[in-house]
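Report on the structure
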Amino acid sequence: MSTATMWLVIFAGGLGTFLARYSFFWLSDRKALPKEWVRVLRFVPPGVLGALIIPGVVVPSLHSGNVLLNPRVLAALISILVAWRTKNVMITFAAGMGSLWLLQSIEPLL
Amino acid sequence: MLPIIPGLIPFAMIAGMSAIDAGMNPLMAQLYSVFVFAGASQIAAAQLIGQHAEPLVIILTIWIINLRFVMYSASLSTKLPASTIPKPLQAYVMTDQSFAICVGMFDQNQVTRENRAAFYLGSSVVPWLVWQIATGLGIVFGSVIPASWSLDFGVWLCFIAIMIPGLRDFPAVIAAVVGGSLGLALHNLPFNLGLVFGSIVGITCGYLAERSFGKKKGALT
């Protein structure tokens, strides 16, 4: 991607993000967000992150033998479990990277 | 506020590294972090730039991920009294963490009304500084650490660490699983449209599940 296109992405992405943050500060007390919108917006993080994580982890493993025995897929599953049990960012990171390194070192055995 | 700081550091470092991996120069990568200042979208867009996705799809992805700020903005604007702090500045420093902390503290009346604006600014500016410094560290390390360390995997760990604690009820899990499965099934679509369709259908299914079944809270925790 050219440098100019990257700047375009940065400016447009940054502007849209700022407008989302500023939206109701600007509208101030004149308007409230309709209740149904709040209910829809709650599902934006899980919907988008799910659509990023699952293909991002699984697709590269589709071309390399058994999907479930792939170190990245296994390490992602382990970190999901750890994130769910601990809700701690540092522990999730340590568990994810640690299990990936371990699984990569024993990959020929999988 | 302090407990959120350590959690920001790996995210910010991965954000810096992924911007370098995407082909940005160090100055651009740092300014990217200043302009957008929203971790998940920064990392997602850097990934898409690296995959040579269509610029429009990348911009759309940033916007969709950050739509949640509209919800925070609506909530905070009713809780923050008028102050000398400019509203655009209040808006710019808004994060998931400062929103969660301030709404919690304000609702329990742990901060007096006249102190709210200052409390909000403080709990947003400190993470902003930490975020920018740690992004800078990621930019520096990103150019030196060898690929064999597989630190690019940290991108997915970031997303997992952001998403999983938020899956507190059944409809939220539906949104994530449907979004992810459809994204995977459609991953061959051109322009990374699988991500856009997957997200939109996942969000819709989560909303419909909540309307049909309610929140079913507690079942997963």
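Here the structure is a predicted model, which is why all the values come from computation and not from measurement.

Here we come to the interface of chain B and chain A. Counting from both sides, the interface comprises 82 residues of chain B and, opposite them, 64 residues of chain A. At the boundary of chain B with chain A, total buried surface from both sides reaches about 6,700 Å², with 79% on carbon and sulfur atoms. For the pair chain B and chain A, the number of links is four salt bridges. Across the contact surface, chain B and chain A share 16 residue pairs in polar contact (both at pLDDT 80 or more). Counted by class, the side of chain B that touches chain A contains 58 nonpolar, 17 polar and seven charged residues.

Let us look at the pattern of salt bridges. Within the structure shown, the criterion is met by seven salt bridges over all chains. Residues participating in the shared-partner salt-bridge network are E36, R39 and R42 of chain A together with D169 and E210 of chain B.

All names here are of chain B. Each assigned domain of chain B is listed with its residue range as follows: domain 1 (1-164) and domain 2 (167-221). Of note, the centres of domain 1 and domain 2, computed from C-alpha atoms alone, are 23 Å apart. In this assembly, 10 residues from domain 1 lie in contact with seven residues from domain 2. Area buried by domain 1 at its contact with domain 2 is led by V57, I64 and M163, which between them contribute 48% of it. Applying the counting rule to domain 1 against domain 2 returns zero salt bridges. For the interface between domain 1 and domain 2, the tally reads two residue pairs in polar contact (both at pLDDT 80 or more). The element that contributes the greatest number of residues to the side of domain 1 that touches domain 2 is helix α4 (residues 55-66), accounting for four residues. Along the lines of polarity and charge, the residues of the side of domain 1 that touches domain 2 split into seven nonpolar, two polar and one charged.

This part takes up the nonpolar core. Grouped burial of nonpolar side chains is what soluble globular proteins tend to show. In terms of nonpolar packing, the biggest core is built from 99 residues, with L52 of chain A together with M24, L76, Y120, F153 and F159 of chain B touching the most fellow members. The element that contributes the greatest number of residues to this core is helix α1 (residues 4-21) of chain B, accounting for nine residues. With residues near it in sequence (within four places) discarded, L76 of chain B still touches F25 of chain A together with M94, F99, C102, V103 and Y120 of chain B.

What counts as what
- Counting from 1, residues in each chain are numbered in the order their sequence is written.
- Chain A is the first chain written and ligand 1 is the first ligand written, with later ones labelled in order.
- A pLDDT threshold of at least 70 governs which residues receive local features in this predicted model, and a stricter bar of 80 or more applies before side-chain atom pairs are shown or counted, although totals over entire chains, interfaces and linings include all residues.
- Values reported for side chains reflect all heavy atoms of the structure, with hydrogen atoms and water molecules removed beforehand.
- The contact definition used throughout considers only heavy atoms, calling two residues in contact when any of these lie within 4.5 Å.
- When two parts are put together, the accessible area they lose, computed with a 1.4 Å probe and summed over both, is reported as buried area.
- Basic side-chain nitrogens of Lys or Arg form a salt bridge, by our definition, when they fall within 4 Å of a carboxyl oxygen of Asp or Glu.
- The definition of a polar contact used here is a pair of N or O atoms within 3.5 Å, where within protein one atom must be able to donate a hydrogen and the other to accept one, and adjacent residues in sequence count solely through side-chain atom pairs.
- Residues are grouped as follows: Ala, Val, Leu, Ile, Met, Phe, Trp, Tyr, Cys and Pro are nonpolar; Asp, Glu, Lys and Arg are charged; every other residue, Gly included, is polar.
- Domain borders in the structure are assigned automatically or taken from a domain database.
- By the criteria applied, helices consist of DSSP H or I runs no shorter than four residues and strands consist of E runs no shorter than two, each listed in order from the N terminus.
- Definition used in this section: a nonpolar core is a set of buried Ala, Val, Leu, Ile, Met, Phe, Trp, Tyr and Cys residues joined via side-chain atoms within 4.5 Å.
- In this scheme, a residue with accessible area under 20% of its type's maximum is buried, one over 50% is exposed, and one in between is partly exposed, where area comes from a 1.4 Å probe on protein chains only.

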